[in-house]
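So the chains spell out like this:
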Amino acid sequence: MRAERDEERAASAAEGSRSRRFPPVTRDTARPEGSGRAVPGAVSTPARQWPMLSVLTATAAGLLATAMGHPRIGCLVIGVALIAAGALRRVLPSVGMLAVRSRFTDMVTYGLLGVAITLLALVMEPKPWLNVPFLETAVRFTVR
């Protein structure tokens, strides 16, 4: 069986050098960038995926705070969790399932979403912690 497979590979390699077309059947695929583990395989699965679990835990805490009647605190926690996800993606060489796209795209996506949610939490009514002058004008012309 192994000899047949080796002969097939040799034949396809020889054929591939003559033709510039892609083979009709794909035999292998490249592993995605995020397919690696954050910790070696000898450790349990939760420990290998600690970056993703820490971001999910912080997000769950933010959702719980929002559900308990503290929406500003909950949104701040969620925003900071997303900013931390972008920072982890930048700093760590392997982040497990936290890597979804390319490193740059993940960093920009996590960072922008985190900053947007954090800013929304800071300008949330009543008594916003951050006062942005043009928002009152924008709300006056769009809502009132």
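Quantities reported herein were computed from a predicted structural model and do not represent experimental measurements. (Residues numbered from 1 in each chain as written. Predicted model: local features only at pLDDT ≥ 70, side-chain atom pairs only at ≥ 80, totals over all residues. Heavy atoms only, no water.)

Caption draft 1: Looking closely at unusual backbone geometry. In the Ramachandran plot, K127 falls in the positive-phi region, its phi being about 50° despite a non-glycine side chain. Take K127: it is sitting in the loop between α5 (103-122) and α6 (133-142). Accessibility expressed as a relative area gives 71% for K127, which makes it exposed. (Helix = DSSP H or I, 4+ residues; strand = E, 2+ residues; numbered from the N terminus. Buried < 20%, exposed > 50% of the residue type's maximum accessible area, 1.4 Å probe, protein only.)

Caption draft 2: Representation of the packing of helix α4 (residues 71-91) against α5 within the structure. Running from N to C, α4 and α5 cross one another at 160°; their axes reach a closest spacing of 8 Å. Considered as vectors, α4 and α5 are oriented roughly antiparallel to each other. Remark: the crossing between α4 and α5 carries left-handed chirality. Across the interface between the two elements, R72, C75, L76, I78, G79, V80, L82, I83, A85, G86, R89 and R90 from α4 touch R103, D106, M107, Y110, G111, L113, G114, V115, I117, T118, A121 and L122 from α5. (Axes fitted to C-alpha atoms, helices over the stretch in contact; angles between N-to-C directions. Parallel < 35°, antiparallel > 145°, perpendicular 65-115°, else oblique. Left-handed = near helix turned anticlockwise from the far one by under 90°. Contact = heavy atoms within 4.5 Å.)

Caption draft 3: Representation of the pattern of salt bridges in the model. Scanning all chains against the criterion turns up two salt bridges. For D106, the salt bridge identified is with R89, shortest N-O distance 2.8 Å. Of this pair, D106 sits in helix α5 while R89 sits in helix α4, placing them 17 residues apart in sequence. In this structure, D106 and R89 share a single accessibility class: buried. (Salt bridge = Lys/Arg side-chain N within 4 Å of Asp/Glu carboxyl O.)

Function cannot be inferred from these measures alone, as they are strictly geometric.
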